[in-house]
Amino acid sequence: VQLQASGGGLVQAGGSLRLSCVASGRTFSRYRMGWFRRAPGKEREFVATITWNGGSTYYADSVKGRFTVSRDNAKNTLYLQMNSLKPEDTAVYYCAAYSGTAYSPFQSSSSYSYWGQGTLVTVSS
């Protein structure tokens, strides 16, 4: 599956952005999907994940209550609504399709085989 992320930009602290990730190729609706981010000088970290049908979501503690992951399988699109943004949310955000087994942790980037190119989010203070 090919993934194309978009929607990043520059926003002031407290503002909002919505990221999108459009999938093509293999059947998008088969995959659990995730969002990760990499801040300057830091390792890539887990942000959020959603099951194939959108029935279950899970968030990193750092974004819980501020970010919402969703999907529209009819449009082959994954979303990340980001509210109450903070300067520490500044990062390149990546969408990814999960390819792990039942024992593969969905918070681990190694459980995802398909990645988008990333979209930069910059939050100014």
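All of these numbers come straight from a predicted model, not from anything done at the bench. (Residues numbered from 1 in each chain as written. Predicted model: local features only at pLDDT ≥ 70, side-chain atom pairs only at ≥ 80, totals over all residues. Heavy atoms only, no water.)

## A short note on the overall build of the protein chain
Line of reasoning, step 1. Within the protein chain, the secondary structure is distributed over 0 helices and 11 strands.
Line of reasoning, step 2. Listing every helix and strand of the protein chain by position from the N terminus yields β-β-β-β-β-β-β-β-β-β-β.
Line of reasoning, step 3. Expressed as a percentage of the 125 residues in the protein chain, the buried residues total 42%.
Line of reasoning, step 4. Counting contacts in the protein chain only where the partners sit at least 6 residues apart, residues at least 24 apart contribute 56% of the total.
Line of reasoning, step 5. Of the roughly 6400 Å² of accessible surface on the protein chain, 47% is carried by carbon and sulfur atoms.
Line of reasoning, step 6. Put simply, the protein chain has 13 plus and 6 minus side-chain charges, and the middle of one group is 8 Å from the middle of the other. (Helix = DSSP H or I, 4+ residues; strand = E, 2+ residues; numbered from the N terminus. Buried < 20%, exposed > 50% of the residue type's maximum accessible area, 1.4 Å probe, protein only. Contact = heavy atoms within 4.5 Å. Areas by Shrake-Rupley, 256 points an atom, 1.4 Å probe, with all protein chains shown as cover. Lys, Arg positive; Asp, Glu negative; His and termini not counted. Charge placed at Lys NZ, Arg CZ, Asp CG, Glu CD.)

## Points about the environment of tryptophan 52
Line of reasoning, step 1. Along the chain, the position of tryptophan 52 falls in the loop between β5 (44-50) and β6 (57-59).
Line of reasoning, step 2. A residue is classified by how much of its surface remains accessible, and tryptophan 52, at 49% relative accessible area, is partly exposed.
Line of reasoning, step 3. As for tryptophan 52 and arginine 30, which are separated by 22 residues in sequence, their C-alpha atoms are 5.7 Å apart.

## Some points on the pairing of strand β4 (residues 33-38)
Line of reasoning, step 1. Burial runs high along β4: 5 of the 6 residues are buried.
Line of reasoning, step 2. Two strands pair when backbone bridges link them, and β4 and β5 are joined in this way by 6 bridges, in the antiparallel orientation. By the bridge assignment for β5, arginine 37 is matched with glutamate 45.
Line of reasoning, step 3. Where β4 hands over to β5, the hairpin turn is made up of 5 residues, of which glycine 41 adopts a positive phi near 75°.
Line of reasoning, step 4. Pairing of β4 with strand β9 (residues 91-98), which is carried by 6 bridges, proceeds in the antiparallel orientation. Bridge pairing links arginine 37 to tyrosine 93 in β9. (Pairing = 2+ DSSP bridges.)

## Section: the state of the cysteines
Line of reasoning, step 1. Enumeration according to the criterion identifies 1 disulfide in this entry.
Line of reasoning, step 2. Between the sulfur atoms of cysteine 21 and its disulfide mate cysteine 95 the distance is 2.1 Å. Classification of the bridge connecting cysteine 21 and cysteine 95 rests on its S-S torsion, roughly 65°, and on that basis the disulfide is right-handed. Placement of cysteine 21 in strand β3 (residues 17-24) and of cysteine 95 in strand β9 is noted, with a sequence separation of 74 residues between them.
Line of reasoning, step 3. Given the relative accessible area of 0%, cysteine 21 is considered buried. (Disulfide = S-S within 2.5 Å.)

## Looking at the layout of surface pockets
Line of reasoning, step 1. Considered as a void within the structure, the largest pocket measures approximately 150 Å³ in volume.
Line of reasoning, step 2. Residue lining of the largest pocket: Arg37, Ala39, Lys42, Glu43, Glu45, Ser62, Arg66, Lys86, Glu88 and Asp89, and that is the complete set.
Line of reasoning, step 3. Looking at side-chain class alone, the lining of the largest pocket contains 1 nonpolar, 1 polar and 8 charged residues. (1 Å grid on protein atoms, 1.4 Å probe; cavity = no way out; pocket = protein on both sides within 12 Å on 5 of 7 lines; lining within 4 Å. Points joined across faces, edges and corners; volume = space filled by probe spheres on them. Nonpolar A, V, L, I, M, F, W, Y, C, P; charged D, E, K, R; others polar.)

All we've got here are geometric facts, nothing functional implied.
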